[in-house]
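Residue-level structural notes
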Amino acid sequence: MDFITLIQVLDSTVRLATPLLLACLAGLYSERAGIFDIGLEGKMLMAAFFSAAVASVTGNVWLGLLAGIAASMLLSGLHGLASITFRGNQLISGVAINFLAAGLTVLIAQDWFKQGGRTPSLLTEGRFGPLTFPFADSVRDVPMFGPIYSELLSGHSILVYLAFLAVPATWWILYRTRFGLRLRAVGENPAAVDTAGVSVIGLRFAAVAICGLLCGIAGAYLATALQAGFVKDMTAGRGFIALAALIFAKWRPWQAMGACLLFGLLQAVALRFQNIELGSVTIPVQVMDALPYILTVVILAGFVGKAIPPRSGGEPYVKER
Amino acid sequence: MTAPAIELKGISKSFGPVQANKDISIRVAPGTIHGIIGENGAGKSTLMSILYGFYKADKGEIWINGNRTEIPDSQAAIAAGIGMVFQHFKLVENFTVLENIVLGAEDGGLLMPSLSKARKILKELAAEYELHVDPDKRIDEIGVGMQQRVEILKALYRQADILILDEPTGVLTPPEADQLFRILDRLRAEGKTIILITHKLREIMDATDTVSVMRRGQMTATVKTSETSPEHLAELMVGRKVLLRVDKVPAKPGKPIVEIEQLRVVDEAGVERLKGIDLTLRAGEIMGIAGVAGNGQSELLEVLGGMRSGEGVIRLNGVDLPLQGAGSDARARRAAHVAHVPEDRQSEGLIMGFHAWENVAFGYHHAPEYQKGLLMDNAVLRADTEAKMAKFDVRPPDPWLEAKSFSGGNQQKIVVAREIERNPELLLIGQPTRGVDIGAIEFIHKQIVALRDQGKAILLVSVELEEILSLADRVAVMFDGRIMGERAVDETDEKELGLMMAGVAGEVA
Amino acid sequence: MEKMPKWADVVLIPLISLLLAAGLSALVILAIGEDPTAAVKLMVDGALGSSYGWGYTLYYATNFMFTGLAVAVAAHAGLFNIGGEGQAMLGGLGVALICLFIPWPHWTLALLFATLGAGLFGAAWAAIPAYLQAKRGSHIVITTIMFNFIAAAVLNYVLVNVLKPPSSMDPASARFSDTIHLPTLHELLTPLGIAFSKSAPANVSLLVAIAACLAVWLLIWRTPLGFEIRAFGKSEAGARYAGISPVKITIITMMISGALAGMMAINNVMGEAERLVLNATEGAGFIGIAVALMGRNHPFGVFLAAILFGFLYQGGAELALWTNIPRELIVVIQALVILFTGALDNMVRIPLERIFLALRKESN
């Protein structure tokens, strides 16, 4: 593989890792607060549709982004209602949200656009365009540095940079602020938070809202930056890969970035090479497709260090007598 | 006269059909230690939870320092100067001591300034009340006594003037408990008001100025501690005269039934829980195991009962029992005539969502008399349940009721009936009377003594020293996975056992 | 004391949840400019109005009985098997291998062994997550989700690289032999003098599914193994106390669950398509979740809920055919049913308990 191919694969890794990273951080906030969320997929899908729909109708991609975020947060609210207010099963609620999004997006798309459950293709103004760094063009021909700077680092949409900036921001919020302390506490032992006079419900709803926000951006990125418009089931399991990355990262922000880049790389390689020839052995493309899931199972099985979720994850909080 | 630090007027609270508090009024003078005593389920914890804003009373008023105060949530309680140390600590295990203390009482959006301020105040509090802890240790790295200090410090950090402690000595060794009471004395001397909730008469007599007695959701009396006696308090708690000692004839120990040699247990986390136990249980004798919770008693019961594996020798009537792999599980133990009343009847001894008749089969669901071909013979099982319920006076005697619908005492009777009626060679029994009313306690104790008198071996584990001293014939004290010593019950006293429980005296057996 | 009578728990709550889901679905239909009553009428006509409609309704219901039972059995052990989809895919592979490579003399024998093969493959696919949960503590929900994706990749690989006839472009296996064609309801009922649509896919697998409902009921409530499964599901510590091995029960229960999900393949692969195609399961594994929730994990409830969802599926297909309402409406309804009967259970339950409490106080 030559250098330019490598840069191209890495460039596509960054693009493909972005939605995973946003969704993974979304899940991190929720699960750190003790609310399991297997509905990341559904929230992204909903956001993808509404961002594309609004961007296509108004021609304004920022309005699209807002609409996507609003739609995703609405589903988050539903998840919060079920799992926090009514202390329902968080896993079941997540499953329901995934189906709700899968069904509603096509239903509404068909009603609005009559194109078989998709939005019209977005034109330039309806999409997030590339952000070109200063001097990206002039250094393009410098060996090594040139391609890295102008191809790999420059030229992504603003949401990509936002996603990667969200990593240090999340770390800082989690470990350096009052909110972060309380968030981590409520996922470990909500009774400690409650008896300290802090609202468990308020904290958990806040976490779920942030989760919705980030999933919204992830979905909008899919439909308005990575691709040009919404198609049925376009998230294609990314919400679950993000979940896998979150477990892989043991619920920590920097590691989440690493995991998402790794899974993004797998997707980029599968996309570019199909079957990979390694000497006499051919790795079929299906193996590349399945690899994130296999890796997650291996991690979960504790063969590569143990992944221990936040202690109160999945448990609705009931005041003890 | 100064206003009471706390005055409750006519507090009532129901949970669905159950009335937990009925028209309760109480006055607590400032700068005193006020005890609240009552049986399990008498409503003590509910009352304190109302005071701490965990529950809202259906009726009644709360007055703090002479002012009517609404306490809708814990935040309001903290603002009113109330701190609470719960029976089960409310600490975040993987946080440091400092983070736990700051949690909920931070000074601003950023963490660092709060933490350094707390570090300073902690130093002052430590000097003032002799409450030393290492602020940078994680909670899961320090012992329970230390964790309790963190809870007290949490309250003091929030400038509490009124401190409520719910059963604070349950997890402490007698010396640790003494230390706690010294701290409480000191707090009282500094003008703090303390409410001590307990079911242990001795603590009330030793530590409190005033004591209120609760029974079945009602406040039956408030008296000066100096003007009462344990017998009187017990009578107020139960509503009739009670025997504080079990009625039994001296034991006639026979041949050894169980011989335990160099028994070791390593738990899932790799910690050695039993470090070489030697113990002999004789026919017709009740062996009590005393010790503070968490010193290996549970593991001893579990390895004997087939709930975990171990190394060493357990010989039952001369036959070695497998301690690992096939034949070492609880089903095999039952087949070898070992019956087990577990420490935690709600999560182990019973399936709370099962009908009473299913619970009577629980653990014995493979027994041939309950089978009909490939299926279970539910009719036989239900008839059997009715018989056992009648014999053990379980109320209500309805086999179709789910276990969770019975009171603690009746739940325990179902477990005891199931295990004792199997006529075991060895009965393992853990915390037989935890959360059980006095009437049922007397009944259960009688059944245990009756089994002893049939020449069976009984191993009794209890954290209640009083229970062991009144029920057992011999007592072995466990500390840190070892047996610190073994005594005949009538040749020892609480003081000697207490020291052994703390690991300071007694010869290693 | 019970907070409310058993019948309210078993019948009233699912019914109210279903009504809520139906009400919201009606609103959705209104919102996209269609008439809900006309839609319902169309669905009833299309799914239940003819033996052709019934034939499809029962065909779908057969799938959902298997997957619903799979979820229900696991739920009794406190396990959430979200991997029915993957297990059903593997079941399909098992059926395909047995039907393609063994020259069966008669369909009865083929059905027997196909059922076993489907069950075996499904059980094996469920056994791995079960083992990992029991022995290594991996969360079974996450691993079964992952195994759905892995199953899709496996099936994709096998169909494209192994089972696809060389001449074909389609990622699908060859057609099964005609001798093992399973009798449809038409073929079964005609000798009895009952006319049934010739082109509907419902077949003899329906009887196997009903037998499975009965067998699961016996297993769960009448056998010592079922006793152990239920006890383990309610309290793991209790199970260990009673000599019930958590590892053993987790693995056995999941294997039974996986086998049931896998057995769906005798209906969709052997009974209908008569070859293995990509995405043969069409999400039936997931519908099993809704069916089990709706049916309160009771085999009879699952039976009824499966027929309800069969009706919705066939009705939904009719809607998509005759109106502007796409089939995805069914996915929305399915989501709402899962939401109300599963996650928002307390929203219905708590007010209902209050009502019953108030009624009791009044009558006292």
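Preceding block: the structure.
Before going into details, it helps to say that this report is about the structure given with it. What you see is a predicted model, and the numbers here were worked out from it, not measured in a lab.

Definitions and limits used
Residues numbered from 1 in each chain as written. Chains lettered and ligands numbered in written order. Predicted model: local features only at pLDDT ≥ 70, side-chain atom pairs only at ≥ 80, totals over all residues. Helix = DSSP H or I, 4+ residues; strand = E, 2+ residues; numbered from the N terminus. Rg over C-alpha atoms; globule rule 2.2 N^0.38 Å. Buried ≥ 20, exposed ≤ 12 C-beta atoms within 10 Å, placed from the backbone. Contact = placed C-beta atoms within 7 Å. Pairing = 2+ DSSP bridges. Axes fitted to C-alpha atoms, helices over the stretch in contact; angles between N-to-C directions. Nonpolar A, V, L, I, M, F, W, Y, C, P; charged D, E, K, R; others polar. Parallel < 35°, antiparallel > 145°, perpendicular 65-115°, else oblique.

Focus: the overall build of chain A
Along its length, chain A carries 12 helices and four strands. Against the compact-globule benchmark of 20 Å for 321 residues, chain A has a radius of gyration of 20 Å, which places it among compact chains. With respect to the three principal axes, the spread of C-alpha positions in chain A is 70 × 50 × 40 Å. Taken across its 321 residues, chain A has 56% of its residues classed as buried. Of the contacts made within chain A by residues no fewer than 6 positions apart, 76% connect residues no fewer than 24 positions apart.

Observations concerning the overall build of chain C
Each helix and strand in chain C was counted, giving 16 helices and zero strands. Here the C-alpha atoms of chain C give a radius of gyration of 21 Å, agreeing with the 21 Å that 2.2 N^0.38 yields for 364 residues. Contacts spanning at least 24 positions in sequence make up 76% of the contacts within chain C whose residues lie at least 6 apart.

A closer look at the sheet that holds strand β19 (residues 426–430) of chain B
Residue and element names in this part refer to chain B. Spatially, β16-β19-β20-β13-β21-β22 is the arrangement adopted by the six strands of the open sheet, whose pairing is mixed. What marks the edges here is a single partner per strand, and that holds for β16 (338–341) and β22 (482–488). Pairs of neighbouring strands in the sheet enclose a mean axial angle of 20°, with direction left out of account. Note: β16 against β19, four bridges, orientation parallel. Paired with valine 338 across the two strands is leucine 426, which belongs to β19. Contacting β16 and β19, helix α14 (residues 408–420) crosses the sheet at an angle of about 175° to β16. Relative to the sheet, helix α17 (residues 494–501) contacts β13 (285–290), β21 (474–479) and β22, its axis offset from that of β21 by approximately 30°.

A word on unusual backbone geometry
With omega at -10°, the peptide bond leading from B:Arg395 into B:Pro396 counts as cis. Tracing the chain through its elements places B:Pro396 in the loop between α13 (378–391) and α14. Positive phi is not limited to glycine here, since A:Met144 has a value of about 60°.

Remarks on the interface of chain C and chain B
With 18 residues of chain C at the interface, the matching set in chain B holds 22 residues. Going through the elements one at a time, α9 (224–234) and α10 (236–241) of chain C are the ones with two or more residues in the side of chain C that touches chain B. Classifying every residue of the side of chain C that touches chain B by side-chain character gives eight nonpolar, five polar and five charged.

Considering the sheet that holds strand β9 (residues 210–215) of chain B
Residue and element names in this part refer to chain B. Within the open sheet, the six strands sit side by side as β6-β7-β8-β3-β9-β10. Their pairing is mixed. Strand pairing shows two members of the sheet lacking a second neighbour, β6 (82–85) and β10 (218–224), which therefore form its edges. Taken pair by pair, the neighbouring strands of this sheet meet at an average axis angle of 20°, ignoring direction. As defined by bridge partners, strand β3 (residues 33–38) adjoins β9 across five bridges and the pair is classed as parallel. Bridging from a neighbouring strand, glycine 38 pairs with methionine 214 of β9. Sheet contacts for helix α5 (residues 144–157): β6 and β7 (162–166); angle to β6, the most-contacted strand, approximately 170°.

A look at the interface of chain A and chain C
Counting from both sides, the interface comprises 38 residues of chain A and, opposite them, 37 residues of chain C. Broken down by secondary-structure element, the contributors of at least two residues to the side of chain A that touches chain C are α3 (61–85), α4 (90–113), α10 (238–248) and α12 (285–300) of chain A. No other element matches α4(A), which puts 14 residues into the side of chain A that touches chain C. In terms of residue class, the side of chain A that touches chain C is built from 24 nonpolar, 11 polar and three charged.

A few points about the packing of helix α6 (residues 158–176) of chain A against helix α11 (residues 253–273) of chain A
All names here are of chain A. Running from amino to carboxyl end, α6 crosses α11 at an angle of 155°, the nearest separation of the two axes being 8 Å. On the basis of the axis angle, α6 is roughly antiparallel to α11. On the side of α6, the interface is formed by Val167, Thr170, Trp171 and Leu174, while α11 contributes Pro253, Trp254 and Met257.

Side note on the environment of C:Tyr131
All names here are of chain C. With respect to the secondary-structure elements, tyrosine 131 resides in helix α5 (residues 107–136). When the 18 C-beta atoms within 10 Å are taken as the criterion, tyrosine 131 is described as partly exposed. In the structure, tyrosine 131 is positioned 89 residues away from leucine 42 in sequence and 47 Å away in space, judged by C-alpha atoms.

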